[in-house]
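Chain by chain, the residues run as shown.
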Amino acid sequence: MTAARPSRRAVPVVRRLVAGLLTGVLAFGVAGCDGGSKPEAQTIRIGMLTVLEGSLQAPGSELRDGFQLYLDMRGGRLGGHPAELIVGDEGYDPKVAVESATKLLEQDKVSAITGMINGGSVAAIHPLTNKHKVPIVGGLGRPALTDVTYVWHTNLISVEPGVAMAPFVKQQVKRGSVYAIGPDFQSGRDELRGFAETFTELGGRLANPTGKPVFSPFPVTEDFGPYLDEIAESGASAIYCFFDAQNAITFVKQYAKSKVSHLPLYAAGFVTEPASLPEQGDAAEGIYNGLNYSPDLDNAANREFVAAWNAAYPGRVPTSVVMASYDAAAVLDRAIAAAGTNPSPEAINTAIGGLGQLTSPRGPWQFAKTTHAPIQKWYLRQVRRDGRALTNVVVSELATLGG
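Rules of the game
- Residues numbered from 1 in each chain as written.
- Predicted model: local features only at pLDDT ≥ 70, side-chain atom pairs only at ≥ 80, totals over all residues.
- Heavy atoms only, no water.
- Salt bridge = Lys/Arg side-chain N within 4 Å of Asp/Glu carboxyl O.
- Helix = DSSP H or I, 4+ residues; strand = E, 2+ residues; numbered from the N terminus.
- Buried < 20%, exposed > 50% of the residue type's maximum accessible area, 1.4 Å probe, protein only.
- Polar contact = N/O pair within 3.5 Å; in protein donor to acceptor, adjacent residues only side chain to side chain.
- Contact = heavy atoms within 4.5 Å.
- Core = buried A, V, L, I, M, F, W, Y, C linked by side-chain atoms within 4.5 Å.
- 1 Å grid on protein atoms, 1.4 Å probe; cavity = no way out; pocket = protein on both sides within 12 Å on 5 of 7 lines; lining within 4 Å.
- Points joined across faces, edges and corners; volume = space filled by probe spheres on them.
- Nonpolar A, V, L, I, M, F, W, Y, C, P; charged D, E, K, R; others polar.

*Asks:* Looking at this structure, I do not really get the pattern of salt bridges. What am I missing?
*Replies:* Oppositely charged side chains are able to pair whenever their charged atoms sit close together. A complete count under the given rule lists 13 salt bridges for this structure. One salt bridge connects arginine 385 with glutamate 285, and the closest N-O pair in it is separated by 3.6 Å. In this pair, arginine 385 is assigned in strand E14 (residues 374–386) and glutamate 285 in the loop between helix H8 (277–280) and strand E12 (288–291), connecting sequence segments 100 residues apart. Classification of arginine 385 by relative accessible area gives partly exposed; the value is 37%. Assessed through its relative accessible area of 41%, glutamate 285 is described here as partly exposed.

*Asks:* Which parts of the structure should I look at to understand the side chain of glutamate 273?
*Replies:* Relative to the elements of secondary structure, glutamate 273 occurs in the loop between strand E11 (265–268) and H8. On the basis of relative accessibility, which here comes to 6%, the residue glutamate 273 falls in the buried class. Only 3.2 Å separates the side chain of glutamate 273 from the side chain of arginine 381, close enough to count as a polar contact. In contact with glutamate 273, other than residues within four places in its own chain, are Leu291, Thr319, Ser320, Val321, Arg381 and Asn392.

*Asks:* Is there a simple way to think about the nonpolar core in this case?
*Replies:* Soluble globular proteins tend to bury their nonpolar side chains together. Residues Ile46, Phe67, Phe305, Val331, Leu332 and Ile352 are the most contacted members of the largest nonpolar core, which totals 42 residues. Secondary-structure elements contributing two or more residues to this core are strand E2 (44–50), helix H1 (57–73), strand E4 (81–89), helix H9 (300–312), helix H10 (320–338) and helix H11 (345–353). At eleven residues, H10 tops the list of elements feeding residues into this core. Counting 34 residues, the second largest nonpolar core, distinct from the first, contains Tyr92, Leu206, Phe242 and Leu291.

*Asks:* Would you explain the layout of surface pockets in this entry?
*Replies:* To find leftover empty space, a probe the size of one water molecule is rolled over the atoms. Each pocket or cavity is described by its volume, and for the largest pocket that value is around 370 Å³. In terms of lining, the largest pocket is formed by 22 residues, of which the most central are Pro274, Leu277, Val317, Leu390 and Thr391. Within the residue set of the lining of the largest pocket, elements represented by two or more residues are H8, H10, E14 and strand E15 (389–401). The element best represented in the lining of the largest pocket is E15, accounting for four residues. When its residues are assigned to classes, the lining of the largest pocket shows twelve nonpolar, five polar and five charged.

From the geometry alone we can't say anything about function, so treat these as descriptive.
Structure follows, in structure tokens:
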């Protein structure tokens, strides 16, 4: 399948929130709306950077829709304030993200920026948000940063899926070697580094000829045949990969038809997310993968979240991206409520740091003081059939990471 060419320009889209579309109990606890006893304060503007076309359209729309779900469940308000979500194009080049972030900060005067698929986008806009003292509350991954004063993430640090999966893969591949492959952009490089470093520290051996993971051009790679041929020639006993969206679909389908289809394929959980499984089909069945969320987790917050999502978006399965963007909205909801009647971005940022443990569809978590990313459980999942459909079934806990 050939993906549409991504937009190279920043095209902000203003979405004015509609109150009362859904109802629900606050998964993050009471968020500070006190029945109208306080005078109405200013509208809070939140900027979102995401991708809504091209090969990353699926996770891009999940970031938007997860955040929107939380807003719709609470009448379009955050911390008791009317809220306006302004969506800008993240693009496939960090330069596009910088252009969009500049508009959000300097023209739209947003109080926080959320979203962002590529960790490279986070790194690129980081100097801007620091300059304006506006918090980033990202909903996907990011690289390690030296200064995280105004940077928070509700999903993960990009190395963590590989760090979580490496001990399991080492346990499964006791004597042979593992070929590691992923896409050549910031998040892809971080994802594979987490796996490779942890796996080799545990005594594992990479089958890659250079002893380091191999990276395919992103997002343009449509033929993984040469890489699969190299895997066959390497003598690998198994494969570990990270891909997302269209690349994940293409790689898994081509792997299943290749001469290495008999090798076990282990993956970061983004490879087999629900949006990809219908097209991957039988090729995905049996793949073990690691992630911080699965929609079958049995807790009250997750049951509420899944029910609300299914009502709003029937036929779409909620993913870790949806969940984390929903949580980003919930973090801002609580922080804005704690920051006063007319909170500044700096006050919101300070309030985020004081939130403590949070209740979420993934289970309880909290921000680590050193990284401002979640301290949370990671789950081993396997793609299995549930009737006709394929789903990621939680097999066990892998680890608790963060801190």
